[in-house]
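Here is how the chains run, residue by residue.
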Protein chains: 2
Amino acid sequence: MARTDIEVADLVETARGGLGDPGSSRAVARLISLIEDASDASTGRLREVMAALSPYVGHAHVIGLTGAPGVGKSTTTSALVRELRAAGKRVAVLAVDPSSPFSGGALLGDRIRMTDHAGDRGVYIRSMASRGHLGGLAWSTPQAIRVLDGAGFDVVLVETVGVGQSEVEIAGLADTTLVLLAPGMGDGIQAAKAGILEIGDLYVVNKADRDGAMKVRRDLRGMLALAARPEGAWKPAVLPISAQSHMGLGDLVAAIAEHRAWLDGSGMLAVRRARRAREEIEAIAVAALRARWELQGRDRLDELSAAVAGGRLDPYAAADTLLG
Amino acid sequence: MARTDIEVADLVETARGGLGDPGSSRAVARLISLIEDASDASTGRLREVMAALSPYVGHAHVIGLTGAPGVGKSTTTSALVRELRAAGKRVAVLAVDPSSPFSGGALLGDRIRMTDHAGDRGVYIRSMASRGHLGGLAWSTPQAIRVLDGAGFDVVLVETVGVGQSEVEIAGLADTTLVLLAPGMGDGIQAAKAGILEIGDLYVVNKADRDGAMKVRRDLRGMLALAARPEGAWKPAVLPISAQSHMGLGDLVAAIAEHRAWLDGSGMLAVRRARRAREEIEAIAVAALRARWELQGRDRLDELSAAVAGGRLDPYAAADTLLG
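The rules behind the values
Residues numbered from 1 in each chain as written. Chains lettered and ligands numbered in written order. Predicted model: local features only at pLDDT ≥ 70, side-chain atom pairs only at ≥ 80, totals over all residues. Helix = DSSP H or I, 4+ residues; strand = E, 2+ residues; numbered from the N terminus. Buried ≥ 20, exposed ≤ 12 C-beta atoms within 10 Å, placed from the backbone. Contact = placed C-beta atoms within 7 Å. Arc of directions from axis to C-beta. Axes fitted to C-alpha atoms, helices over the stretch in contact; angles between N-to-C directions. Parallel < 35°, antiparallel > 145°, perpendicular 65-115°, else oblique. Nonpolar A, V, L, I, M, F, W, Y, C, P; charged D, E, K, R; others polar. Pairing = 2+ DSSP bridges. Left-handed = near helix turned anticlockwise from the far one by under 90°. Expected span 1.5 Å × (residues − 1). pLDDT = per-residue confidence, 0-100.

Chemist: Please explain the overall build of chain A as it appears in this structure.
Modeler: When helices and strands are tallied, chain A shows 13 helices and seven strands. The buried share among the 324 residues of chain A stands at 49%. In chain A, the proportion of contacts linking residues at least 24 apart, taken out of those at least 6 apart, comes to 74%.

So, in structure tokens, the structure goes:
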């Protein structure tokens, strides 16, 4: 539950305390809980948090990691965290779960595996379920990224399973998007059809020591080569790894750094971050409007809904009335 | 593509032509395409469609069917369609695909299997992908239901895979929600944890002739019995079927009719439909606002986004400015 008996400024300061401060992780956890617990009533507190964090944001490199179930996302995340930690980075992992009731179990398993890093204060791991949230994924994820960024993490790794629209949304939020594939998960032509070629900055082929990995790499490279890209655009690389045996992680981290350098040099970092901010602003504005309709316009909305359900009004005319 | 060289009123009339009219399916298809093709530019046409359909809505029984991948949704849909057709009902199937690039292939397979009903003019089948739509699933699905309802179908069966929030959304749209399960898809305790117990009006255990089906039924019944329900509330039944061998479909159709009778008798039908209309109105209003922000406020929004990305403004303050 959101605690309201603590000063937001203190919480932010403690969160920013960093490695030496054992209270830091708890403060970060509490700030994210504020987002998760947000409702119409407690949004006031959340506004304070966001205002207090605002001066500190923009430091973290936000990396999105997405892929189909079974490609080895959590093993890869864990291996990537280890590699980044070895390079002295503070790393936060935000595992966003857009999954249904039906697949909720798997993610819990993933989290348990992440206990690899349990003793390491330079790593913070948090799962977020988007279901039931005010405004869903689009609303909560950017705000959680903002908390982790403001808390001073060098890297915020946002991991999400590639189902629904979530991986497209995550790509919109990240500075660098990694699309994870593995042999045996459907062939490259399907992948091309489906449009993953638009979202990845780096394509990571996990289980690269298995049969079929070469084919996945070859197909992907072929298709990426066909894509029309403007002059000066980033050319997505295809990187083979084996997260399980910690193979290729050094090259992956180097490629991520290279992409970051390109973002800085090309001015695209500012563009992507403005886009992220824009979606955040819109999501908050929409949530605020919905809350307003709920609270102030309940009778009016009930009346309009009944008229539409009864065929006396069409929904566009009703929406006009609501807005007008 | 949306055709604008035809009168909307004619299109609606042709769509309502029914079984005898070979142009009916084409008109329905064209109306749904209008929704799928909707953009800021063509929304005007869509408004006309919705206004023209408005007097005719409210006839169809909207049935939602959801379940995890692998439980046999499309086989069950097909079997259910056959059973409803035998009872003389006109049936529309709306297969909503909230799936990612990564799983897009499976649904195509489902559609191909539905060619069982290809020659039957009393059946209309349509897949909709929510990705890329103006406003996504929440925006397009209720409007497509409205078209099918207005076109005079007796039953609109909305099938969606249980990933993401989609199945919860579908439950919000349907008069009657069927949750499909099968043995071997995770045990009942997981299901309970995950909250599917809140969304189903009827629980259908497919592959009931397989090992473990009895356990799924027993576990489900046990958990449903534990749920606190107010006086007079609907008590969800658990129905074993085998869609493949067309077993138990008669009982399922009877249970659906029973639920419908309860909806009518309890007044819940009007409540559910008002809720559906309400979500439709809100989604249209939100889409209209986003379009307004896009078109009229682009510079303003760009400016605010840059300020938030740069840490000079927090997103709540920016949202206030946008709304104020």
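Chemist: Just to check I follow, could you spell out unusual backbone geometry for this structure?
Modeler: Glycine aside, residues mostly have negative phi angles, and peptide bonds mostly take the trans form. Residue and element names in this part refer to chain A. At lysine 207, a position not held by glycine, the phi torsion is positive, near 55°. With respect to the helices and strands, the residue lysine 207 is situated in the loop between strand S6 (202-205) and helix H9 (213-226). With a phi angle near 55°, histidine 246 is a residue other than glycine that sits in the positive phi range. Note on histidine 246: 14 C-beta atoms within 10 Å, which makes it partly exposed.

Chemist: Mind showing me how you'd approach helix H13 (residues 315-323) of chain B here?
Modeler: Among the residues of H13(B), B:Pro315, B:Tyr316, B:Ala318, B:Ala319 and B:Leu322 are the ones counted as buried. One side of H13(B) holds all its buried residues, which, seen down the axis, span an arc of 160°.

Chemist: Even after reading the chapter, I still don't get the packing of helix H4 (residues 73-86) of chain A against helix H10 (residues 249-266) of chain A, so can you show me in this structure?
Modeler: When two helices pack together, their arrangement is given by the angle between the helix axes and the distance between those axes. Residue and element names in this part refer to chain A. Direction vectors running N to C along H4 and H10 enclose 75°, while the axes themselves pass 10 Å from each other. As far as their axial angle goes, H10 and H4 are roughly perpendicular. Contact residues: H4 offers Ala79, Leu80, Glu83 and Leu84, while H10 offers Leu249, Gly250, Leu252 and Val253. Among the residues forming the contact of H4 with H10, the class breakdown is six nonpolar, one polar and one charged.

Chemist: Is there a simple way to think about the pairing of strand S1 (residues 61-67) of chain B in this case?
Modeler: It is a general feature of regular strands that their side chains alternate between the two faces of the sheet. All names here are of chain B. By the criterion of burial, S1 is predominantly enclosed, with seven of the seven residues buried. Where burial is concerned, the two faces of S1 agree: the one with His61, Ile63, Leu65 and Gly67 and the one with Val62, Gly64 and Thr66 are both buried. Where S1 lies against strand S5 (residues 176-181), five bridges are found, and the strand directions are parallel. The residue of S5 that forms the bridge with leucine 65 is leucine 178.

Chemist: Where do I start with the environment of A:Arg273 in this structure?
Modeler: Position of A:Arg273 relative to the elements: it lies in helix H11 (residues 268-296). When the C-alpha atoms of A:Arg273 and A:Ala254 are compared, they prove to be 22 Å apart, with 19 residues separating the residues in sequence.

Chemist: Is there a simple way to think about the packing of helix H1 (residues 8-15) of chain B against helix H2 (residues 24-36) of chain B in this case?
Modeler: All names here are of chain B. H2 packs onto H1 with a crossing angle of 130° between their chain directions and a minimal axis gap of 7 Å. The orientation of H1 relative to H2 falls into the category oblique. Helix-helix and strand crossings are classified by hand; for H1 and H2 the assignment is left-handed. For the pair formed by H1 and H2, the contact residues are Leu11, Thr14 and Ala15 on the first element and Ser24, Ala27, Val28, Arg30 and Leu31 on the second. Class assignment of the residues belonging to the contact of H1 with H2 gives a composition of five nonpolar, two polar and one charged.

Chemist: Teacher, can you tell me more about helix H2 (residues 24-36) of chain A here?
Modeler: Because an α-helix completes one turn every 3.6 residues, residues spaced three or four positions apart along the sequence face the same direction. All names here are of chain A. The first and last C-alpha atoms of H2 sit 19 Å apart over 13 residues, in line with the 18 Å expected at 1.5 Å per residue. Along H2, the residues that are buried comprise Ser24, Ala27, Val28, Leu31, Ile32, Leu34 and Ile35. Buried residues of H2, viewed axially, fall in a sector of 145°; they line one side.

Chemist: What exactly am I supposed to notice about the confidence of the model for chain A here?
Modeler: In low-pLDDT regions, the fine details of the predicted coordinates are not to be read closely. All names here are of chain A. Per-residue pLDDT for chain A averages 80, and the proportion of residues at 70 or more is 77%. Of all helices and strands in chain A, the one with the weakest mean pLDDT is helix H5 (residues 104-113) (44), whereas H10 scores best (97). pLDDT under 50 marks residues 99-110. Its contacts with residues more than four places away, or in other chains, come to 31 contacts. In this model residues 187-193 is a low-confidence stretch, pLDDT under 50, and it forms twelve contacts with partners more than four residues away in sequence or in other chains. We note a pTM of 0.70 for the whole complex and an ipTM of 0.76 for its interfaces.

Chemist: For this particular structure, what's the right way to read the environment of B:Tyr316?
Modeler: Structurally, B:Tyr316 is set in helix H13. The buried category is assigned to B:Tyr316, around which 24 C-beta atoms lie within 10 Å. For B:Tyr316 and B:Ala237, which are 79 residues apart along the polypeptide, the C-alpha to C-alpha distance reads 46 Å. Residue contacts for B:Tyr316: discarding those within four places in its chain leaves A:Arg47, A:Met50 and A:Ile284.

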